[in-house]
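One-letter residues, chain by chain:
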Amino acid sequence: MAESTVKKFSLSEVEEHSSTDSIWVVINNNVYDVTKFLEDHPGGEEVLIEQAGKNATEAFEDVGHSTDAREMMKQYKIGELTDEDKRILEERNKSWEEENASNR
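Described below are features of the structure shown in this document.

Here is what the cut-offs are and how they apply
- Starting from 1, residues in each chain are numbered consecutively following that chain's sequence as written.
- In view of the model being predicted, local features appear only for residues whose pLDDT reaches at least 70, and side-chain atom pairs are presented and counted only at 80 or more, with totals across whole chains, interfaces and linings using the full set of residues.
- Values shown for side chains rest on all heavy atoms present in the structure; no hydrogens or waters enter the calculation.
- Two aromatic rings, drawn from Phe, Tyr or Trp (for Trp, its six-membered ring), form a pair once their centres lie within 6.5 Å of each other, and the interplanar angle then sorts them: stacked below 30 degrees, edge-to-face above 60, tilted otherwise.
- Secondary structure elements follow DSSP: runs of H or I of four or more residues count as helices, runs of E of two or more count as strands, with numbering from the N terminus.
- The cut-offs for exposure are 20% and 50% of the maximum accessible area for each residue type, with area from a 1.4 Å probe on protein chains only; residues under the lower value are buried, those over the upper are exposed, and the others partly exposed.
- We call two residues contacting when some pair of their heavy atoms lies within 4.5 Å.
- Here, strands pair whenever DSSP counts at least two bridges between them.

1. Regarding the packing of aromatic side chains
All chains considered together, the criterion is met by two aromatic pairs. For the pair Phe9 and Trp24, a centre-to-centre distance of 4.9 Å together with 70° between the ring planes defines the contact as edge-to-face. Here Phe9, found in strand 1 (residues 8-9), pairs with Trp24, found in strand 3 (residues 22-27); they are 15 residues apart in sequence, far enough to count as distant. The class for Phe9 is buried, based on a relative accessible area of 6%. Look at Trp24 and you get buried, because its relative accessible area is 10%. Considering the side-chain rings of Phe37 and Tyr76, the 5.3 Å spacing of their centres and the 45° angle between planes classify their relative orientation as tilted. One end of the pair, Phe37, is in the loop between strand 4 (30-33) and helix 2 (45-51); the other, Tyr76, is in the loop between helix 4 (67-73) and strand 5 (77-81), and 39 residues separate them in sequence.

2. Describing the environment of Val31
Position of Val31 among the secondary structure elements: in strand 4. Apart from the residues within four sequence positions on either side, Val31 is in contact with Phe9, Val14, Trp24, Val25, Val26, Tyr76, Lys77, Ile78, Gly79, Glu80 and Leu81.

3. Some remarks on the pairing of strand 3
With respect to burial, strand 3 is a largely interior element, six of its six residues being buried. Burial along strand 3 is two-sided: Ser22, Trp24 and Val26 facing one way and Ile23, Val25 and Ile27 facing the other are all buried. The sheet contact formed by strand 2 (residues 18-19) and strand 3 spans two bridges and is antiparallel. The residue of strand 3 that forms the bridge with Ser19 is Ser22. What sits between strand 2 and strand 3 in their antiparallel hairpin is a turn of two residues. Here four bridges tie strand 3 to strand 4, and the two strands are oriented antiparallel to one another. Residue pairing in the sheet places Val25 in a bridge with Tyr32 of strand 4. Once strand 3 ends, the chain turns through two residues before running back antiparallel as strand 4, passing Asn28 with a positive phi of about 50°.

4. Topic: the sheet that holds strand 3
Taken together, five strands build an open sheet; the order of strands is 1-5-4-3-2 and the sheet is mixed. Every other strand in the sheet has two partners, leaving strand 1 and strand 2 as the edge strands with one partner each. The pairing of strand 4 with strand 5 spans three bridges and is classified as antiparallel. Of the residues in strand 5, the one forming a bridge with Val31 is Gly79.

5. Re the pairing of strand 5
Where strand 1 meets strand 5, two bridges bridge the pair, whose relative direction is parallel. Within strand 5, the residue paired with Phe9 across the bridge is Leu81.

Right under this line is the structure:
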């Protein structure tokens, strides 16, 4: 996908795709339509349904997906988050990290 042709989606647009009819997730600021992958997901469709319409980066990274899985993701990528929503997620992550650091 050439950089100039990447479609941009807002978090609110992603949130609209949270049913088994249409499941979108955000992973590392990229937007994926994983609807057609539900039945094939090795961890079961429940995992994807639980993350539907959300930022699934942490859940995805915590599992430690293989190189093959990461390569397979490319076929489900439909775009990326808008720059504004990338900043929003970055701020949320900073706040969460700071909060957890102070609780140690």
